[in-house]
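# Inside the fold
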Amino acid sequence: MLIQVENLRKTYVTYERGHTFKETVASLFVRKQKQIPAVTGISFGIEAGEIVGFLGPNGAGKSTTLKILTGVLHPTSGAVSVMGYTPWRQRKHYVRHIGVVFGQKSQLLWDIPPIDAFYMNKAIYDIPDAEFEETLGRMIALLDVADVVRKPTRQLSLGERMKCEFAMAMLHRPQIVFLDEPTIGLDVIAKEKIRGFIAEMNKQGVTFILTTHDLDDVEQLAQRVIVINHGAIVFDDAIQRLRTMTGSSKMLRLTAKRPFGQSFPAGTRLVKRLSDYEAELAVDTATVELGQVIQQLSESFGIKDMSLEDPAIEHVIKELYVAQAGGGGT
C-alpha cells in the first residue's frame, strides 16, 4: 500500500474572547478554550498508480487531511505512512518524492520566466543534469509550453501558468502528486490539456490525489472517490459505484408550453426550477413508470422539449451529504 491512513484525527484549538467589555477583560487573564474537530478518525489506503478523487464540501476536513499527508500539519492522533515515511516527521526526505499543484497558489515566481524557476527547482532538489534536461524536454512537449516558458510569469494566461505549474511539480519525478483545484478558472481547451497530461503521467505510474469542486475532473480522471463530510468518510469506492447509489433515479429536464404549478406528478421531485417553463425533475422509476410521468406532465403543462439522463455525479454527491446530515453524522 503506497499510502496508509489509520484513525487520523485533527482537532484545532481556539479561544473564546467574549462579547461584553467584562468578558473581554476577563479573557486577558483566563481564556476559555474551544476545540474544533476537523478530522474525526478516518482510515483509508491508496495503492500505487491510482487516481483518487478526494471530495467534500467546504469545511469537511479534506484540506486538513491533505495538509497532513503532505507533511504541512501534525495530526492530533492517528498514523500515516506514505511510501514508508511519516510525512510530518521526515518531511525533508519525504518531499523529494511528492509533487503539489495548487490552483490558487503558485510555485512560480511572478517576475521571472518559468524556465528560470525550473532551474531553481533543479538546484533545490539536486537533480542531475541529464535527468533534468530529459524530464524538462518531456514536460515542455507534453504540455506544449515551448513558446511560453521564457516569458515572465506575470505575462502568462491562467492556462499557460497552470501548465507551467504542472511542469514545475513534475521535474523531480515525484511518485505521488497532490492536486488541489488544478483546473479552477481554466477554459475548456486548457482543462482538456491538463486532464490529458494527468492521464499520461498516471500511465507512467504516478499516483494522483485530486481534490476539486469541478466534478468533470473527477469523472474523467478518477477511478475511485473518497467523499468526506464533517471530518468523516461517507463514501470510499469506485466512481461507478457512486453512480449506482441513486438506484433507478433518472433526471428529466423539461421545457413546458404552459407555466408550471406548485405540484408535480407522484414519484417525481423538483430538483431545480430554471424558469416558469423550465425545470429539472428527479424521477424514481422504481415507484412510478416513466411513461406515466411523461403523460401526466404533458397533460398538465404540455411538453415543448424534454431530455432524460442519469443523475450527474454532482447530484449524487449532494444526496450523500443530505443523507448523512439526516442520519446525524459527525
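So, here's what we can say about the structure. Keep in mind it's a predicted model, so treat the numbers as computed, not measured.

Here helix α5 (residues 129-143) is 15 residues long and its end C-alpha atoms lie 21 Å apart, about the 21 Å a rise of 1.5 Å per residue gives. Buried within α5 are the following residues: Phe 132, Thr 135, Leu 136, Met 139, Ile 140 and Leu 143. Looking down the long axis of α5, one finds its buried residues gathered within 130° of arc, a one-sided arrangement. Seen from the open side of α5, the exposed residues pointing more than 90 degrees away from its buried face are Ala 130 and Ala 141. Against α4 (114-125), α6 (158-170) and α7 (188-203) lie the buried residues of α5. One or two steps after α5, the chain reaches Asp 144, where phi turns positive at roughly 55°.

Right, let's talk about the packing of α5 against α6 for a bit. In a packed pair of helices, the relevant descriptors are the angle between the two axes and the axis-to-axis distance. It is the contact of α5 with α6, at a shortest axis distance of 10 Å, that shows an interaxial angle of 155°. The orientation of α5 relative to α6 falls into the category roughly antiparallel. Note that α5 runs across α6; the crossing there is right-handed. Here α5 contributes Thr 135, Met 139 and Leu 143 to the contact with α6, which in turn contributes Lys 163, Phe 166, Ala 167 and Met 170. Of the residues assigned to the contact of α5 with α6, the class counts are five nonpolar, one polar and one charged.

So, about the sheet that holds strand β2 (residues 32-46). One open sheet accounts for three strands, arranged β2-β1-β4; its pairing is antiparallel. The outermost strands of the open sheet, each flanked by one partner alone, are β2 and β4 (77-82). Averaged over all pairs of adjacent strands, the angle between their axes in this sheet comes to 30°, without regard to strand direction. Taken together, the five bridges between strand β1 (residues 3-16) and β4 define a ladder with antiparallel strand orientation. Within β4, the position partnered with Arg 9 by the bridge is Ser 77. Most of the contacts of helix α2 (residues 62-69) go to β1, to which it runs at about 115°, and overall it touches β1, β2 and β4.

Here the focus is the pattern of salt bridges. The final tally for this structure, using the stated rule, is twelve salt bridges. The partner of Asp 111 in a salt bridge is Arg 154, with the nearest N and O atoms 3.1 Å apart. Placement of the pair is Asp 111 in the loop between β5 (98-102) and α4 and Arg 154 in the loop between α5 and α6, with a sequence separation of 43 residues. Residue Asp 111 is classed as exposed on the basis of its relative accessible area of 54%.

Where the residue is not glycine, phi is negative for most of them; where a peptide bond is considered, it is trans in most cases. Phi is positive for Asp 144, close to 55°, though the residue is something other than glycine. Structurally, Asp 144 can be placed in the loop between α5 and α6. Asp 144 sits in the exposed class, given a relative accessible area of 55%. Positioned with a positive phi, Arg 173 is a non-glycine residue whose angle comes to about 55°.

This paragraph deals with the side chain of Thr 212. Residue placement: Thr 212 occurs in the loop between β7 (207-211) and α8 (215-221). Residue class for Thr 212 comes out buried when judged on its relative accessible area of 3%. A polar atom in the side chain of Thr 212 sits 2.9 Å from the backbone nitrogen of Asp 214. Beyond its immediate stretch of four places on either side in the chain, Thr 212 contacts Phe 54, Leu 55, Glu 181, Asp 217 and Val 218.

Calculation rules
Sequence order sets the numbering: in each chain, residues are counted from 1 along the sequence as written. A pLDDT threshold of at least 70 governs which residues receive local features in this predicted model, and a stricter bar of 80 or more applies before side-chain atom pairs are shown or counted, although totals over entire chains, interfaces and linings include all residues. The basis for every side-chain value is the complete set of heavy atoms in the structure, and neither hydrogens nor water enter the calculation. Secondary structure follows DSSP: runs of H or I at least 4 residues long count as helices, runs of E at least 2 residues long count as strands, and numbering of each begins at the N terminus. Expected span, for any helix, means 1.5 Å times one less than how many residues it has. Exposure categories follow from relative accessible area, calculated using a 1.4 Å probe and restricted to protein chains: below 20% of the type maximum is buried, above 50% is exposed, and the middle band is partly exposed. What the arc describes is the spread of directions from the helix axis to the C-beta atoms. Every residue pair with non-hydrogen atoms within 4.5 Å of one another is taken to be in contact. Helix axes are fitted to C-alpha atoms over the stretch in contact, other axes to C-alpha atoms as well, and angles between N-to-C directions run from 0 to 180 degrees. Any angle from 65 to 115 degrees is called roughly perpendicular, while one under 35 is roughly parallel, one over 145 is roughly antiparallel, and all others are oblique. By definition, turning the near helix anticlockwise from the far helix through less than a right angle yields a left-handed crossing, and turning it clockwise yields a right-handed one. Three categories are distinguished: nonpolar for Ala, Val, Leu, Ile, Met, Phe, Trp, Tyr, Cys and Pro, charged for Asp, Glu, Lys and Arg, and polar for the others, with Gly belonging to the last. The pairing criterion is simple: DSSP has to find at least two bridges between the two strands. Salt bridge criterion: a side-chain nitrogen from Lys or Arg within 4 Å of a carboxyl oxygen from Asp or Glu. Under this definition, polar contacts are N or O atom pairs within 3.5 Å; protein pairs additionally need one hydrogen-donor-capable and one acceptor-capable atom, and for neighbouring residues in sequence, both atoms have to be side-chain atoms.

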